[in-house]
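Close look at the chain arrangement
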Amino acid sequence: MGRRKEFKVGKSFTLTIKTLGWMAEQCQEREMKASEWLERLICKERERLNDQKRRNNKYHCIGCNKDVILKVEGFVNQKFYCSECGKDHTEGVKYLMRMNKDGSKTQGT
Ligand SMILES: [Zn+2]
């Protein structure tokens, strides 16, 4: 039992006056320490991004005839499978990824 030792970040970082002012206000309203408030904020954002990732991971499986979550295997040569029937969707997903890439890069290199 007892207090769990906290991991502390010793490095300082810079915020704008505007942000600092708003942060102070938010902390006062909630009677929280800035570190607690930041921690909560970051957690929320992390959850939001994780959620988004999960949603982006949905793919229409022709085998299941519905949107399913894809299972990803590997890092360099990623393979994508339907998490429900196991159908290999690697080609389709890679095609979509290429389309997204081309769409965001209009000027080329
Ligand atoms: Zn499927």
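Preceding this paragraph is the structure being described.
Keep in mind that this is a model prediction, so the values were computed, not measured. (Residues numbered from 1 in each chain as written. Predicted model: local features only at pLDDT ≥ 70, side-chain atom pairs only at ≥ 80, totals over all residues.)

1. Here's the deal with the sheet that holds strand 1 (residues 58-61)
If you walk across this open sheet you meet the 3 strands as 1-2-3, and the pairing is antiparallel. Only two strands of the sheet have a single partner each, and these edge strands are strand 1 and strand 3 (79-82). Put simply, the sheet's adjacent strands are angled 50° from each other on average, direction ignored. Where strand 1 and strand 2 (residues 66-73) come together, 4 bridges link them in antiparallel fashion. Within strand 2, the position partnered with Cys61 by the bridge is Lys66. (Pairing = 2+ DSSP bridges. Helix = DSSP H or I, 4+ residues; strand = E, 2+ residues; numbered from the N terminus. Axes fitted to C-alpha atoms, helices over the stretch in contact; angles between N-to-C directions.)

2. Remarks on the nonpolar core
In this structure, Cys61, Val68, Leu70, Phe80 and Cys82 together form the largest nonpolar core, which totals 5 residues. In contact with Val68, not counting residues within four places along its chain, are Lys58, Tyr59, Cys61, Cys82, Ser83 and Glu84. (Core = buried A, V, L, I, M, F, W, Y, C linked by C-beta atoms within 7 Å. Buried ≥ 20, exposed ≤ 12 C-beta atoms within 10 Å, placed from the backbone. Contact = placed C-beta atoms within 7 Å.)

3. Focus: the pairing of strand 3
The alternating pattern of strand 3 places Phe80 and Cys82 on a buried face, while none of Lys79 and Tyr81, on the opposite face, is buried. Both strand 2 and strand 3 contribute to a ladder of 4 bridges, which runs antiparallel. Directly across from Lys71, in strand 3, lies its bridge partner Tyr81. Taking the residues between adjacent antiparallel strands as the criterion, strand 2 and strand 3 are bridged by 5 residues, where Gly74 takes a positive phi near 85°.

4. A few points about helix 2 (residues 34-56)
Between its first and last C-alpha, helix 2 extends 33 Å over 23 residues, near the 33 Å set by a 1.5 Å rise per residue. Among the 23 residues of helix 2, 0 are classified as buried, and the element is accordingly described as predominantly exposed. (Expected span 1.5 Å × (residues − 1).)

So yeah, pure geometry; function would need other evidence.
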